[in-house]
Amino acid sequence: MSTLPAYLTIAADLRAAILSGELPAGAKLPSESGTWEHDSRHEQADERIAARLGVEPGAPVMRTSYRFLADGEPIQLSVSYEPLAVTQGTPVEWPEDSDIKGVVARMDTIGVRVDEVVERVSLRSATADEVEALNLPVRTFVHTIERTYTASGTPVETADIVLPGGRYDLVYRLPIE
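Once that is clear, we can look at the overall build of the chain. In terms of helices and strands, the chain carries 5 helices and 6 strands. The N-to-C order of helical and strand elements in the chain reads α-β-α-β-β-α-α-β-α-β-β. Sorting the 177 residues of the chain into buried and exposed places 36% on the buried side. Split by element, the accessible area of the chain, about 11,400 Å² in all, is 54% carbon and sulfur.

Under the defined criterion, the tally for this structure stands at 2 aromatic pairs. A ring pair is formed by Trp-36 and Phe-68, whose centres lie 6.5 Å apart and whose planes are at 45°; its orientation type is tilted. Of this pair, Trp-36 sits in strand β1 (residues 34-44) while Phe-68 sits in strand β2 (residues 60-70), and the two are 32 residues apart along the sequence. Judged by its relative accessible area of 24%, Phe-68 falls in the partly exposed class. Here the aromatic rings of Tyr-66 and Phe-68 are separated by 5.4 Å at their centres, their planes lie at 20°, and the arrangement is stacked. Aromatic rings pair up to connect Trp-36, Tyr-66 and Phe-68 into one cluster.

So, on to the pattern of salt bridges. Scanning the entire structure with this criterion turns up 11 salt bridges. Its salt-bridge partner being Glu-37, residue Arg-67 comes within 2.9 Å of it at the nearest N-O pair. Here the residue Arg-67 occupies a position in strand β2, and Glu-37 occupies one in strand β1, the gap between them amounting to 30 residues. Judged by its relative accessible area of 23%, Arg-67 is partly exposed. One salt bridge connects Asp-39 with Arg-41, and the closest N-O pair in it is separated by 2.6 Å. A relative accessible area of 35% means that Asp-39 is categorised as partly exposed. What you see here is one network of salt bridges that share partners, running through Asp-39, Arg-41, Glu-43 and Arg-63.

What follows deals with unusual backbone geometry. Phi is positive for Asp-71, close to 50°, though the residue is something other than glycine. Tracing the sequence through the fold places Asp-71 in the loop between β2 and β3 (73-83). Taking relative accessible area as the criterion, Asp-71 reaches 53% and is therefore assigned exposed. The phi angle at Ser-152 is positive, at roughly 50°, despite the residue not being glycine. Tracing the backbone through its elements, the reader meets Ser-152 in the loop between β5 (141-151) and β6 (154-164).

The subject of this paragraph is the environment of Phe-141. Residue placement: Phe-141 occurs in strand β5. Dropping the residues within four chain positions of it, Phe-141 is found in contact with Leu-123, Arg-124, Ser-125, Ala-126, Pro-164 and Gly-165.

Relative to the elements of secondary structure, Glu-157 occurs in strand β6. Looking at Glu-157, its side chain comes within polar contact range of the side chain of Arg-147, at 2.8 Å.

About the criteria used
- Residues numbered from 1 in each chain as written.
- Predicted model: local features only at pLDDT ≥ 70, side-chain atom pairs only at ≥ 80, totals over all residues.
- Heavy atoms only, no water.
- Helix = DSSP H or I, 4+ residues; strand = E, 2+ residues; numbered from the N terminus.
- Buried < 20%, exposed > 50% of the residue type's maximum accessible area, 1.4 Å probe, protein only.
- Areas by Shrake-Rupley, 256 points an atom, 1.4 Å probe, with all protein chains shown as cover.
- Phe/Tyr/Trp six-rings, centres within 6.5 Å; stacked < 30°, edge-to-face > 60°.
- Salt bridge = Lys/Arg side-chain N within 4 Å of Asp/Glu carboxyl O.
- Contact = heavy atoms within 4.5 Å.
- Polar contact = N/O pair within 3.5 Å; in protein donor to acceptor, adjacent residues only side chain to side chain.

Written as structure tokens, this is what we have:
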């Protein structure tokens, strides 16, 4: 694992490609090749997830865990929960079993219009599992994002997202009405 920050490594690679002529003027910049691993299953909401989804503890939910990779390297973890009262029996019940990806597009498919997302961003020490899953050094920090999508005030998905601290800037653009 390189000790240089990712942006310096990328800048050096681009500079070398430009100087060698491999990347001519006006050429499109290369992008990372992204993939993800996932596991979906039915579970019962614990108290924390039930509170975020506005359901009773023990209510059935779809739990999907993800590990996102860029060029084969892990870059993000996410665990999302959707109340099965919303998706059960629909074509989007199993989040990764359809060509339609993303919470907003999937919910639109079943007539549920997502109209708000709330994200709570924090910084904390990585857990041992996160260090292993993200190939991080021990005693490192991670950004955590607690995200909840709602439709007319009703939560339709909540997720816990983990990103390596120091690797990314978290930038938000919010329209002002």
